[in-house]
Amino acid sequence: MLRRLLSFVEPFILLLLATVLLASLLPPRGAMAGIVATAADVGIVLLFFLHGAKLSREAIWQGARNWRLHLTVLLVTFALFPLLGLALRHAPGIDPTVGIGLLFLTLLPSTVQSSIAFTAIARGNVAAAVCSASFSNLIGIVVTPALVALLIGGIGGQGSGLSLSAVESIVFQLLVPFVAGHLLRPWIGGLVTRWKGLLGIVDRGSILLVVYSAFGAAVVEGLWHKVSPGDLVLIGGLCVLLLAVVLSLTWFAGRLLGFSREDAIVLLFCGSKKSLASGVPMAGVLFAPAEVGVILLPVMLFHQIQLIACAVIARRYAKASE
């Protein structure tokens, strides 16, 4: 049974947990904290540059044709999820910062790789999944920070509203690198494809660096005095509940709207996901360093829960199609 559960765990998740453990035992302090924070900022820029370089223009134009499916996925991702997040934020017994983390989780765009992979396993419309997940991430660069400012009431530790420094961080650390990477795709697209493995290491290494910096700062500020094992269990339970509700609603919506089986699978998997790869760097830009570690806890737990649940569902769809 344990071996079967571990088969659903990504090696990257184990690295993520190891990074959290390292940050808990040896958090960066003093001058080292500044160096690590600067390196994390560089990692965020590089991460979004690579995301822009990976997105093909053909996927954008092809995806525009199936607008009804993509619009439904976007409504689930950026409307239904946030409404549920507002309810979770005020759940009994939740620390206010953890509540912000739960709400922030619901404001993130969908994943790309896992949404496409599970759609393929379930015999769904893979081309539509590529387009829908790509749209979600592209739009999320602007929509997620706007929703954070609107629903959380302030970002970057600047009080209510979207501060000028926060806007500059979003533009220069997220949007400009993404656009630059996409515009350079005609020249570097082949390189990105050939060095996919190496770039994947850079991609995930950047996330680990941001996590180490964020959790290290949170540990110095007393993270594990604020969050108890009971809190982790509660957060995990709320993440399971959130995923179960969204999976159920997207399953019913696919049938209610008359989507084909293949497109309904896209809605199920693309609509129910939240991106750790986008959430980690965005949190680093949008929130004060001392808060980022706590805010990321729900994102990290939800990420693993969604992988396990969707792997099981995708395999059942595959067996049913056979």
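Residues numbered from 1 in each chain as written. Predicted model: local features only at pLDDT ≥ 70, side-chain atom pairs only at ≥ 80, totals over all residues. Heavy atoms only, no water.

A.B. asks: How should the overall build of the protein chain be read in this particular structure?
C.D. replies: Looking only at helices and strands, the protein chain has 16 helices and 0 strands in total. Residue burial in the protein chain is summarised as follows: out of 322 residues, 49% are buried. For the protein chain, the proportion of contacts with a sequence separation of at least 24, taken over those separated by at least 6, is 87%. Carbon together with sulfur atoms contributes 71% to the accessible area of the protein chain, which is approximately 14,800 Å² in total. (Helix = DSSP H or I, 4+ residues; strand = E, 2+ residues; numbered from the N terminus. Buried < 20%, exposed > 50% of the residue type's maximum accessible area, 1.4 Å probe, protein only. Contact = heavy atoms within 4.5 Å. Areas by Shrake-Rupley, 256 points an atom, 1.4 Å probe, with all protein chains shown as cover.)

A.B. asks: Help me understand the packing of aromatic side chains in this model?
C.D. replies: A full pass over the atoms with the stated rule returns 4 aromatic pairs. Measuring from centroid to centroid gives 5.2 Å for phenylalanine 104 and phenylalanine 287, while their planes differ by 90 degrees, and the two rings are edge-to-face. Taken together, the residues span a long stretch of sequence, with phenylalanine 104 in helix α6 (residues 96–106) and phenylalanine 287 in the loop between α15 (276–286) and α16 (289–321) at a distance of 183 residues. Each of the two residues, phenylalanine 104 as well as phenylalanine 287, counts as buried. On the numbers, 6.0 Å between centres and 35 degrees between planes, the contact of phenylalanine 118 with phenylalanine 269 is tilted. One end of the pair, phenylalanine 118, is in helix α7 (residues 113–121); the other, phenylalanine 269, is in helix α14 (residues 261–271), and 151 residues separate them in sequence. Classification of phenylalanine 118 as buried rests on a relative accessible area of 10%. (Phe/Tyr/Trp six-rings, centres within 6.5 Å; stacked < 30°, edge-to-face > 60°.)

A.B. asks: Can you walk me through the packing of helix α5 (residues 67–89) against helix α8 (residues 126–152) in this structure?
C.D. replies: Helix-helix packing is described using two parameters, namely the angle between the two axes and the distance between the axes. Direction vectors running N to C along α5 and α8 enclose 35 degrees, while the axes themselves pass 10 Å from each other. When the axes of α5 and α8 are compared, the crossing they make is right-handed. Every residue of α8 that contacts α5 at Leu69, His70, Val73, Leu74, Thr77, Phe78, Pro82, Leu86 and Arg89 is listed here: Ala128, Cys131, Ser132, Phe135, Ser136, Ile139, Gly140, Val143, Thr144, Leu147, Leu151 and Ile152. Its residues assigned to classes, the contact of α5 with α8 comprises 14 nonpolar, 6 polar and 1 charged. (Axes fitted to C-alpha atoms, helices over the stretch in contact; angles between N-to-C directions. Left-handed = near helix turned anticlockwise from the far one by under 90°. Nonpolar A, V, L, I, M, F, W, Y, C, P; charged D, E, K, R; others polar.)

A.B. asks: Just to check I follow, could you spell out the side chain of threonine 111 for this structure?
C.D. replies: With respect to the helices and strands, threonine 111 occurs in the loop between α6 and α7. Relative accessible area serves as the criterion here: at 5%, threonine 111 is assigned to the buried category. With residues near it in sequence (within four places) discarded, threonine 111 still touches Ala133, Asn137, Lys273, Lys274, Ser275 and Gln306.

A.B. asks: Please clarify how the confidence of the model for the protein chain should be interpreted in this entry.
C.D. replies: Fine structural detail should not be taken from predicted coordinates in areas where pLDDT scores are low. Mean pLDDT for the protein chain: 83, with 88% of residues reaching 70 or above. Every residue in residues 155–161 is under pLDDT 50, and counting partners more than four places away or in other chains gives 20 contacts. (pLDDT = per-residue confidence, 0-100.)

A.B. asks: Before we go on, may I ask you to explain the environment of arginine 255 in this structure?
C.D. replies: You can see arginine 255 is positioned in helix α13 (residues 229–256). On the basis of relative accessible area, arginine 255 is assigned to the partly exposed category, the value being 44%.

A.B. asks: I would appreciate a short explanation of the nonpolar core in the present structure.
C.D. replies: One recurring pattern in soluble globular proteins is that nonpolar side chains are buried together. Counting residues in each nonpolar core, the largest one holds 84 residues, and the members touching the most others are Leu16, Phe104, Ile152, Phe215, Phe269, Phe287 and Leu296. The leading source of residues in this core is α16, at 13 residues. Not counting residues within four places of it along the chain, the set of residues in contact with leucine 16 comprises Leu208, Val211, Leu276 and Met300. (Core = buried A, V, L, I, M, F, W, Y, C linked by side-chain atoms within 4.5 Å.)

A.B. asks: Which parts of the structure should I look at to understand helix α3 (residues 30–54)?
C.D. replies: Structural remark: α-helix, 3.6 residues per turn; residues separated by three or four positions point the same way. An ideal rise of 1.5 Å per residue puts 36 Å on 25 residues; α3 measures up with 37 Å between its terminal C-alpha atoms. Among the residues of α3, Val36, Ala40, Gly43, Ile44, Leu47, Phe48, Leu50, His51, Gly52 and Ala53 are the ones counted as buried. (Expected span 1.5 Å × (residues − 1).)

A.B. asks: How should the packing of α6 against α16 be read in this particular structure?
C.D. replies: Relative orientation of the contacting elements α6 and α16 amounts to 50 degrees, with a least axis distance of 8 Å. Here α6 lies oblique to α16, going by the angle between them. Note that α6 runs across α16; the crossing there is right-handed. Counted together, Thr97, Val98, Ile100, Gly101, Leu102, Phe104 and Leu105 of α6 and Glu291, Val294, Ile295, Pro298, Val299 and Phe302 of α16 form the full contact between these two elements. A per-class count over the contact of α6 with α16 returns 10 nonpolar, 2 polar and 1 charged. (Parallel < 35°, antiparallel > 145°, perpendicular 65-115°, else oblique.)

A.B. asks: How should α14 be read in this particular structure?
C.D. replies: Among the 11 residues of α14, 9 are classified as buried, and the element is accordingly described as predominantly covered. Taken as a whole, α14 has its buried residues at Asp263, Ala264, Ile265, Val266, Leu267, Leu268, Phe269, Cys270 and Gly271. Here the buried face of α14 lies against α5, α7, α8, α13 and α16.

A.B. asks: It is not clear to me how unusual backbone geometry should be interpreted in this structure. Could you clarify?
C.D. replies: A negative phi holds for most residues other than glycine; trans holds for most peptide bonds. Located in the positive-phi region is arginine 123, a residue other than glycine, with phi close to 65 degrees. Examined against the element boundaries, arginine 123 turns out to sit in the loop between α7 and α8.

A.B. asks: How should the state of the cysteines be read in this particular structure?
C.D. replies: Throughout this description, disulfide means a covalent bond between two cysteine sulfur atoms. What the rule picks out here adds up to 0 disulfides. Sulfur of cysteine 131: no disulfide; nearest cysteine sulfur belongs to cysteine 270 and is 9.8 Å away. With relative accessibility at 4%, the residue cysteine 131 sits in the buried group. (Disulfide = S-S within 2.5 Å.)

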